[in-house]
Amino acid sequence: MTQKVMIYLTFSPIIFDDLTKVMNSEQWNSRRGNLSLRERKFNARREPINGKIKLPVVAVFFLNQTLHRVEWLNKHRNSSQDAVYGINQFSDLTPEEFKKITHLRKFNNTGKKAYPLQKKFFGSQKPFKDLPKRVDWREKNVITPVNNQETCGACWAFSSIETIEAMYALKTGELKQWSVQQVVDCAAAPNRGCAGGDTCLTVEWLYESGAKIVLAEDYPFNGETNECRQDVKSAMTVSIAKNFTCDSFVGEEYLMLLHLAHHGPLIAAVDATGWQDYLGGVIQFNCDGERNHAVQIVGYDITGEIPYYIVRNSWGPEFGNDGYLNIIIGKNMCRIAEEVSAVDVI
């Protein structure tokens, strides 16, 4: 009979102090979509023994990879505004596992101008000289709390509904939470529920189907793809108007700023591969792969040395800046300008 042997290495607790704090936190444990990963890597005695912490070799290997990656990323910081990278709730994952657990998958849309006739919708005909230096729709009470998609790859549905929520609040003065789960379950193919979807195709489906989105409390998120429920009763519903758009604004990001300033938040498909170690600051590099995630842009800031978008993610408030991150403006960083959607509501 073959006997498994776990080899341990001993380190000073100072080295792994931050790591053990994260590993023992409620957020860390609640965010693990595959416990076998943690059991395999962190089957370790975390309490110091004679002033030392014992970790299995396999844990040291993966944590060492993370620490080296973080060190490399932080070496490229040139100012206090630059992004900072470090230990967070994804630090026990390899890059491949991070993609899997956050469902980072290539978007279906190729970035071509899906609805070019609607492009004039952006900027609301306002001249660029009227652009405010800073816009943050969170300060106007039109942004709902940060969501957590958990292990469901429904970023495309979250970002779409979050923007509908903002536009509804701007129109009515009432901040409501609408059903993400309804979109996950009911949006037409090639959207695939928790297995992934596309923002352009989602706003197209929302309009062409005439979907009436119900309140989140009446059709709550459960982290799975289910059969579409047609019998849900709700006190109110919301739909999107005809003047939706989804387009590429590469080289024309000023139009995105005009829209953010004078109309409201945006939906954007992005590359989130390099966000695994993000803690805060403005992302300016290591973010130029294929689009595999969707977010909501809630504002921008061009007052400082580095102009940036204010981006709302759907990985819970523990991620980044209380669930948000900042991305530099004008460089199509993280592919943020390639597939941008805007909606109005009725």
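Every chain begins its residue count from 1, and numbering advances along the sequence as written. Whole-chain, interface and lining totals are the exception, using all residues; otherwise, since this is a predicted model, local features are given only for residues with pLDDT of at least 70 and side-chain atom pairs are given and counted only at 80 or more. Hydrogen atoms and water are omitted, and side-chain values are computed over all heavy atoms in the structure.

As named in an unreviewed UniProt entry, the protein chain is Cathepsin O, taken from Caerostris extrusa. UniProt positions are given in the numbering used here, feature names are shortened, and annotations may be inferred rather than shown by experiment. Quoted straight from UniProt, the Sequence similarities (unreviewed entry) entry for the protein chain says "Belongs to the peptidase C1 family."

> Where do I start with helix α9 (residues 253–262) in this structure?
Since one α-helical turn is 3.6 residues long, residues separated by three or four positions face the same way. In terms of burial, α9 is a largely internal element, eight of the ten residues being buried. For each residue, the accessible area found with a 1.4 Å probe, counting protein chains only, is set against the maximum for its type, and the residue is called buried under 20%, exposed over 50%, and partly exposed in between. Secondary structure elements are taken from DSSP: a helix is a run of H or I of four residues or more, a strand is a run of E of two residues or more, and numbering for both begins at the N terminus. Along α9, the residues that are buried comprise Glu253, Leu255, Met256, Leu257, Leu258, His259, Leu260 and Ala261. Once α9 finishes, Gly264 follows within two positions and takes phi at roughly 155 degrees, a positive value.

> Explain the pattern of salt bridges here, please?
Two side chains that carry opposite charge are able to pair once their charged atoms sit near each other. We define a salt bridge as a contact between a side-chain nitrogen of Lys or Arg and a carboxyl oxygen of Asp or Glu at a distance within 4 Å. Taken as a whole, this structure holds ten salt bridges when the rule is applied. Put simply, Arg134 and Asp301 hold a salt bridge, and the shortest N to O gap is 3.5 Å. Of the two residues, Arg134 is situated in strand β4 (residues 134–136) and Asp301 in strand β11 (residues 293–301); the sequence distance between them amounts to 167 residues. Of the residues examined, Arg134 reaches a relative accessible area of 39% and is grouped as partly exposed. For Asp301, a relative accessible area of 8% gives the class buried. Taking the shortest distance from any N to any O, the salt bridge between Glu162 and Arg312 comes out at 3.7 Å. Here Glu162, found in helix α6 (residues 155–172), pairs with Arg312, found in strand β12 (residues 308–312); they are 150 residues apart in sequence, far enough to count as distant. You can call Glu162 buried: its relative accessible area is 2%. Residue Arg312 is classed as buried on the basis of its relative accessible area, which comes to 1%. What you see here is one network of salt bridges that share partners, running through Arg134, Asp136, Arg138, Glu139 and Asp301.

> Where do I start with the state of the cysteines in this structure?
By definition, a disulfide links two cysteine residues through a covalent bond between their sulfur atoms. Criterion for a disulfide: a pair of cysteine sulfur atoms within 2.5 Å. Evaluation of the coordinates by the stated rule reveals four disulfides. Here Cys152 pairs with Cys194 through a disulfide, and the sulfurs are 2.0 Å apart. Here the disulfide of Cys152 and Cys194 is left-handed, its torsion about the S-S bond being about -90 degrees. Within this pair, whereas Cys152 is found in the loop between β4 and α6, its partner Cys194 is found in the loop between α7 (180–186) and α8 (199–208), the two being separated by 42 residues in sequence. Across the pair, exposure class does not vary: Cys152 and Cys194 are buried alike. With its sulfur 1.9 Å from that of its partner, Cys287 forms a disulfide with Cys334. Between Cys287 and Cys334, the disulfide has an S-S torsion of 115 degrees and is therefore right-handed. Of the two residues, Cys287 is situated in the loop between β10 (282–283) and β11 and Cys334 in the loop between β13 (324–328) and β14 (340–342); the sequence distance between them amounts to 47 residues.

> Whenever I open this one, α6 confuses me. Can you help?
What a helix is expected to span follows from its residue count: subtract one and scale by 1.5 Å. With 18 residues, α6 extends 26 Å between its outermost C-alpha atoms, agreeing within 8% with the 26 Å of an ideal straight helix rising 1.5 Å per residue. Phi for Gly173, located one or two positions after α6, is positive at around 85 degrees.

> For this particular structure, what's the right way to read the layout of surface pockets?
In this approach a probe as big as a water molecule rolls over the atoms, and the regions it shows empty are the leftover space. In this model, the largest pocket occupies a volume close to 200 Å³. Method remark: on a 1 Å grid restricted to protein atoms, a set of points is classed as a cavity if a 1.4 Å probe fits but cannot get out and as a pocket if it is open with protein on both sides within 12 Å along at least five of seven lines; lining residues have an atom within 4 Å of a point. Along the wall of the largest pocket there are 13 residues; nearest its centre are Gln182, Ala211, Lys212, Arg229 and Gln230. A breakdown of the residues in the lining of the largest pocket according to their chemical character gives seven nonpolar, four polar and two charged. Lining the second largest pocket are 14 residues; nearest its centre among them are Asn147, Phe158, Val180, Ala216 and Phe221. Ranked by residues supplied to the lining of the second largest pocket, first place goes to α6 with four residues. Grid points are joined across faces, edges and corners, and a volume is the space filled by probe spheres set on the points. In this count, Pro and Cys sit with the nonpolar residues alongside Ala, Val, Leu, Ile, Met, Phe, Trp and Tyr, while Asp, Glu, Lys and Arg are called charged and the others, Gly among them, polar.

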